[in-house]
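Remarks on the overall topology
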Amino acid sequence: MKIPKSHPRYKSLMTRNRIVYGVKKGITSPHGLIAHGRGEAFDYILKEKTNEFAINSIQAAACLLLSAKHPIISVNGNSAILSPNNSIKLSKILNCPLEINIFHSSNKREKKIKKYLEKKGTSNILLPEKNTTLKYLDSNRKYINKNGIQKADVVFVPLEDGDRAAALIKNNKKVITIDLNPYSRTSQTSTISIVDNLIRALPLLNKTLLDYKNKSKKELNYILKKYNNEKNLDNVIKLISKSPSNHSL
Ligand code: PTJ
């Protein structure tokens, strides 16, 4: 569908088109359309911008990722199609793999995601292994890679809702998530919850990582210590609860 650039919802409609394209290509699950709709609703309420609380989380996330011994980036069908280039850039900055981990079980889709990311310019991709599982989790997301999520101390989990964040924490890992829904189990249980749209947050995270790359351990720790995820989520909910005057986007 051709969308005129003059349309007031141009960016949002183009992003919808990407998700539809992902489903047609067999990269994104059809359930991803519903997940996207939920994200859109929250994004609308959050004024479709990167708010102060998201900037705070992004800065803390950059510090945690730069302090990690074995960071890993988890990729699902929505994140693969929405932000392939920035996910690859993140993997290159951190020198860590992208691990495909999907909820709606499909070997075929895992392979398609891998092929798509390879075409976009990376070979640093791990697939889940049937003989390596994450404790405290029953869904398809329990299948992980021994050189990726299993070994990781910090797991970057963009865009999902479920019980995996809690399971990862129970497995003594730190979890960074990007999720527009501050009420989701993922946002509520993660170490650092970035409440923002993946398509805005990921480029900003990459930029922050490059800016912070030469900071000392002490400086990174200082920023991390000042950050409070619970308080930050309270600020998201305060914004959501405000009267939506002049709020049409
Ligand atoms: O590829 P798969 O099989 O792993 O499936 C991926 C989805 C996303 C379909 C799966 O993880 C799922 O069903 O997720 P949920 O439970 O619908 O949760 C998705 C969360 O992401 C919701 O809290 C949405 O608000 C949020 N969300 C959607 N789009 C975005 C987003 N958050 C940030 N940026 C977005 N663009």
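This write-up is about the structure you can find in this document. (Residues numbered from 1 in each chain as written. Predicted model: local features only at pLDDT ≥ 70, side-chain atom pairs only at ≥ 80, totals over all residues. Heavy atoms only, no water.)

1. Description of the site of the ligand
The full set close to the ligand counts 23 residues, and F103, H104, R109, R141 and N197 are the nearest of them. Between R38 and the ligand, the recorded distance is 3.1 Å, taken from a side-chain N or O atom to an oxygen atom. In isolation the ligand has 740 Å² of accessible area, and contact with the protein removes 95% of it. When atoms are counted within 2 Å of each cavity's grid points, the one that captures over half of the ligand is the largest pocket. Mapped onto the shell around the ligand, the elements with two or more residues apiece are helix 2 (31-45) and helix 4 (77-82). If one sorts the elements of the shell around the ligand by residue count, helix 2 sits on top with five residues. Class assignment for the residues of the shell around the ligand results in seven nonpolar, nine polar and seven charged. (Near = heavy atom within 4 Å. Polar contact = N/O pair within 3.5 Å; in protein donor to acceptor, adjacent residues only side chain to side chain. Areas by Shrake-Rupley, 256 points an atom, 1.4 Å probe, with all protein chains shown as cover. 1 Å grid on protein atoms, 1.4 Å probe; cavity = no way out; pocket = protein on both sides within 12 Å on 5 of 7 lines; lining within 4 Å. Sits in = over half its atoms within 2 Å of the grid points. Helix = DSSP H or I, 4+ residues; strand = E, 2+ residues; numbered from the N terminus. Nonpolar A, V, L, I, M, F, W, Y, C, P; charged D, E, K, R; others polar.)

2. Focus on the nonpolar core
Among the nonpolar cores identified, the biggest contains 42 residues, and I176 and L205 are the most heavily contacted of them. Top contributing element to this core by residue count: helix 3 (residues 52-67), with seven residues. Apart from residues lying up to four places away in sequence, L205 is in contact with I58, A61, A62, L65, L90 and F156. Within the second largest apolar cluster, 13 residues are counted, among which are I72, I149, V157 and A167. (Core = buried A, V, L, I, M, F, W, Y, C linked by side-chain atoms within 4.5 Å. Buried < 20%, exposed > 50% of the residue type's maximum accessible area, 1.4 Å probe, protein only. Contact = heavy atoms within 4.5 Å.)

3. Considering the environment of K108
Here K108 lies in helix 6 (residues 107-120). Judged by its relative accessible area of 62%, K108 falls in the exposed class. A C-alpha to C-alpha distance of 15 Å links K108 and N78, two positions 30 residues apart in sequence.

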